[in-house]
Amino acid sequence: MTDPGRSAGPARPARALLRRLRRVFFGDVLALVYLGLCAALLVWAIGVPVVDAGEDASFAGVVPLLATAPVSLLLFGLPGGVLTFVGAVAGGALANAAVIGWCARTLRRGGRPDPAD
């Protein structure tokens, strides 16, 4: 017998995908720390030219791009302005966080198989 409150439609695969993405991006402390660091660097890089118009302010955007390389460097080549910069840093941070989380889970697991696969 099925629960009348639960639908058997296409929402289940979407929920499973969201659960898996949440596990990949936010399932490990190291990945969360990395995402927080990248967010702080992005806020700093956007705020430095506004507060300090000195000589070094123009290079503030390089730091978050290098922290989220190589994906951010590929995405930064797209046409656009500030939104391209923010998108490149965010995309690079998410890709690197996924790799960091995967590496951390693999190292913690040792030789045991992954129960999620």
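Relevant structure appears above.
Residues numbered from 1 in each chain as written. Predicted model: local features only at pLDDT ≥ 70, side-chain atom pairs only at ≥ 80, totals over all residues. Heavy atoms only, no water.

Draft legend 1. Structural context of the environment of leucine 32. Looking at the secondary structure, you find leucine 32 in helix H2 (residues 29-51). Placed 62 residues apart in sequence, leucine 32 and leucine 94 show a C-alpha to C-alpha distance of 10.0 Å. (Helix = DSSP H or I, 4+ residues; strand = E, 2+ residues; numbered from the N terminus.)

Draft legend 2. Quick peek at a positive patch on the surface. A cluster of basic residues, Arg12, Arg15, Arg19 and Arg22, forms a positive patch on the protein surface. Counting through the fold element by element, arginine 19 comes out in helix H1 (residues 11-26). (Patch = residues over 30% accessible without salt bridge, like charges linked within 9 Å, V, L, I, M, F, W, Y side chains within 5 Å. Areas by Shrake-Rupley, 256 points an atom, 1.4 Å probe, with all protein chains shown as cover. Salt bridge = Lys/Arg side-chain N within 4 Å of Asp/Glu carboxyl O. Lys, Arg positive; Asp, Glu negative; His and termini not counted. Charge placed at Lys NZ, Arg CZ, Asp CG, Glu CD.)

Draft legend 3. Summary view of the pattern of salt bridges. One pass over the structure, following the stated rule, counts 1 salt bridge. A salt bridge links aspartate 28 to arginine 108; the shortest N-O distance between them is 2.3 Å. Highlighted residues: aspartate 28 in the loop between H1 and H2 and arginine 108 in helix H5 (residues 82-109), separated in sequence by 80 residues.

Draft legend 4. Local environment of the environment of glycine 101. Here glycine 101 is to be found in helix H5. Remark: the alpha-carbon pair of glycine 101 and phenylalanine 26, spanning 75 residues in sequence, is separated by 8.1 Å. Aside from chain neighbours lying at most four places away, what touches glycine 101 is Asp28 and Ala31. (Contact = heavy atoms within 4.5 Å.)

Coordinates in, geometry out; function isn't part of it.
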